[in-house]
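Working through the structure, step by step
Okay, here's what each chain looks like letter by letter:
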Amino acid sequence: METSSNGLNSGRHPLGVYTSRCDDKGRLRLPKELEEFLRTYPEPEYFITSLDGSIARIYPIRAWMENEKVLAGFTENPKAGREIAFLAHYWGGVSMIDAQGRVLVPQELRRKLQIEDQKVNLRFYKGAVEVYSEAESERRLASAMEALAANLDALEKKGL
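Here's a quick rundown of the structure. (Residues numbered from 1 in each chain as written. Predicted model: local features only at pLDDT ≥ 70, side-chain atom pairs only at ≥ 80, totals over all residues. Heavy atoms only, no water.)

**Considerations on the overall build of the chain**
Where we set the bar: Going along the chain from the N terminus, every DSSP run of H or I of four or more residues is numbered as a helix, and every run of E of two or more is numbered as a strand. Only protein chains enter the accessibility calculation, which uses a 1.4 Å probe; a residue whose area is less than 20% of its type maximum is buried, one above 50% is exposed, and one in between is partly exposed. Only heavy atoms matter for contacts: two residues are in contact if any of them lie within 4.5 Å across the pair. Note that His is not counted, nor are the chain ends; the positive residues are Lys and Arg, and the negative ones are Asp and Glu. Lys charges are placed at NZ, Arg charges at CZ, Asp charges at CG and Glu charges at CD.
A count of helical and extended segments in the chain gives six helices and eight strands. When the elements of the chain are put in sequence order from the N terminus, they spell out β-β-α-β-β-α-α-β-β-α-β-β-α-α. Taking all 160 residues of the chain together, the buried fraction comes to 39%. For the chain, contacts bridging at least 24 residues in sequence account for 62% of all contacts bridging at least 6. A gap of 1 Å separates the mean positions of the 23 positive and 24 negative side-chain charges of the chain.

Spelled out as structure tokens, the structure:
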């Protein structure tokens, strides 16, 4: 896979939703497609956090560092940047992919999301792997289905 000039992966990311499990010790086994894709990034570290308290996001470390710049430079509302950064750091932690293809989800985060020893769903979106509990996946699916006709109409008008 090629990387762009800023070191971020520029190859095609995995498509679809994957199922896995976060074990009782907080280790999340990455589906093979996601593991292989994440390993193409130049640094072996990943920042695992949440920005909204409902889903986890696994960021390649360089992508997270770019987000840090956005948060620190958010002059339109500096308090918002500080507060989101605080929550991201409170729930977050740095992890590496182990030999079995697992990452360690920080304890505060897995408790907040109630994913310890639970099945989870994952997908790659906007530069990170998103991790959803089954309950959150069901909530988001119901919301997306409720607004499906209006959303599809709007996007078709934009060329989808």
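Here the narrative resumes.
**Focus: the pattern of salt bridges**
Keep this limit in mind: What counts as a salt bridge is simple: a side-chain nitrogen of Lys or Arg found within 4 Å of a carboxyl oxygen of Asp or Glu.
Counting across every chain of the model gives 16 salt bridges. The shortest N-O distance in the salt bridge between D117 and R21 comes to 3.7 Å. Taken together, the residues span a long stretch of sequence, with D117 in the loop between α4 (107-113) and β7 (118-125) and R21 in strand β1 (residues 18-22) at a distance of 96 residues. Of the residues examined, R21 reaches a relative accessible area of 44% and is grouped as partly exposed. A salt bridge links E43 to R62, with the shortest nitrogen-to-oxygen separation between them at 2.2 Å. Of the two residues, E43 sits in the loop between α1 (32-38) and β3 (45-49) while R62 sits in helix α2 (residues 61-72), which places them 19 residues apart along the sequence. R62 gets classed as partly exposed once you look at its relative accessible area, which sits at 31%.

**Here's the deal with the environment of T40**
What counts here: Polar contacts here mean pairs of N or O atoms no more than 3.5 Å apart (in protein, one a potential hydrogen donor and the other a potential acceptor; neighbouring residues in sequence count only if both atoms are side-chain atoms).
Its location among the elements puts T40 in the loop between α1 and β3. Through-space distance from the C-alpha of T40 to that of P60 is 10.0 Å; in sequence the pair is 20 residues apart. Of the polar contacts made by the side chain of T40, one reaches the backbone oxygen of F37; its length is 2.5 Å.

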